[in-house]
Amino acid sequence: MKYIFANLKRFDIPKEMDGINTLAPVSLWGSYLTGQIRETMNQYSAQAEFAVFYPEAYLLQAADAKAAEDGWKVGVQGIYREDTEKGGNFGAFTTNRTAKSVKSMGCEYVLIGHCEERMDKAGVLAHAGITDSEAVNRILNEEVVCAVKAGLSVLYCVGETEAEQNRWQDVIGEQLDVGLNGVDLSGISVAYEPLWAIGPGKPVPDSDYITKIASFIKSRTDGCPVIYGGGLKEENARMLAEIPCVDGGLIGLTKFSGDIGFYPDGFASIVEKYLGEGK
Ligand SMILES: O=C(CO)COP(=O)(O)O
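Computed from a prediction, not measured in an experiment: that's the story for all the values here. (Residues numbered from 1 in each chain as written. Predicted model: local features only at pLDDT ≥ 70, side-chain atom pairs only at ≥ 80, totals over all residues. Heavy atoms only, no water.)

A. Representation of the site of the ligand in the model. Contacts to the ligand come from Asn7, Lys9, His114, Glu193, Ile198, Gly199, Gly230, Gly231, Leu250, Gly252, Leu253 and Phe256. Histidine 114 is positioned such that a nitrogen or oxygen atom in its side chain is 2.9 Å from an oxygen atom of the ligand. Here an oxygen atom of the ligand and a backbone polar atom of glycine 252 are 3.1 Å apart. Alone, the ligand offers 310 Å² of accessible surface; in the complex the protein occludes 99% of this. Tallied by class, the residues present in the shell around the ligand amount to four nonpolar, six polar and two charged. (Near = heavy atom within 4 Å. Polar contact = N/O pair within 3.5 Å; in protein donor to acceptor, adjacent residues only side chain to side chain. Areas by Shrake-Rupley, 256 points an atom, 1.4 Å probe, with all protein chains shown as cover. Nonpolar A, V, L, I, M, F, W, Y, C, P; charged D, E, K, R; others polar.)

B. Region of the structure containing the packing of aromatic side chains. Scanning the entire structure with this criterion turns up 10 aromatic pairs. Taken together, a centroid distance of 5.8 Å and an interplanar angle of 25 degrees make the contact between phenylalanine 5 and phenylalanine 53 stacked. Pair noted here: phenylalanine 5 is in strand E1 (residues 2-7) and phenylalanine 53 is in strand E2 (residues 48-54), with a separation of 48 residues, a long-range link. You can call phenylalanine 5 buried: its relative accessible area is 0%. Phenylalanine 53 sits in the buried class, given a relative accessible area of 0%. Arranged with centres 5.7 Å apart and planes meeting at 65 degrees, the rings of tyrosine 80 and phenylalanine 93 form a pair that is edge-to-face. Pair noted here: tyrosine 80 is in the loop between strand E3 (73-76) and helix H3 (99-104) and phenylalanine 93 is in the loop between E3 and H3, with a separation of 13 residues, a long-range link. Judged by its relative accessible area of 17%, tyrosine 80 is buried. Looking at phenylalanine 93, the relative accessible area reads 12%, which means it is buried. An aromatic cluster of three or more residues is present, and its members are Tyr3, Phe5, Phe53 and Tyr109. Stacked on the ring of tryptophan 72, the Lys or Arg lysine 66 has its end atom at 5.7 Å from the ring centre. (Phe/Tyr/Trp six-rings, centres within 6.5 Å; stacked < 30°, edge-to-face > 60°. Helix = DSSP H or I, 4+ residues; strand = E, 2+ residues; numbered from the N terminus. Buried < 20%, exposed > 50% of the residue type's maximum accessible area, 1.4 Å probe, protein only. Lys NZ or Arg CZ within 6 Å of the ring centre and 35° of its normal.)

Pasting the structure below:
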């Protein structure tokens, strides 16, 4: 069984607001996109587990557009490190979304520790003149604990920057050891996303490089599924799918040049190639 994930980032922001959304008005974007990709996910549901990570504003639309018989899962892009508790906090979480809040909206998966989330947390610390990757990983660990407690499956992201390539074991080792400390790993998958491979115009690591890191991740996590993300596209989907210790792919953009974006037909082509139907 493979895993295919899509991270829709903030691909909803309209072009006139400097984003890349040309697909649908914001008020309909979540329903429209879901309607356009659910066929593909249902078609391949015997070969792969699918989840789509939406911005919070679209979770209800996505859950609504998902039919009862659909096997794919609605995911959210991140959660807060605390939650409501009986006799404790009843929901005083202004600005933050908790694991239980998204679970109650029909969400089943959460992406934790995406490099864009890591950069945000590191940026807050930097305001205080602090560089502390371990603190970032400790906060992410609190989020993972909340997710597991609320019954969400977790896709936990790790990866090194270009500058960290020569000490990738330390960087990814800390991300795994601290971020997943004390967590029951049965509901956890790990996404390996080298930061230098994400987005348009970036090189994608070859199969040996990914094998080296994916094997390290598996050995450090008792064999959690490892998902590759960063520049996954139609042209390299077969190569990436054939790496034995990689269990799936995480898709961001589907078109990396010209009118870049996430397009339903591009998603279908990547899935088809990845799962071996369109060799
Ligand atoms: O960050 C990613 C998915 O979370 C990868 O993005 P791209 O596929 O656009 O490189």
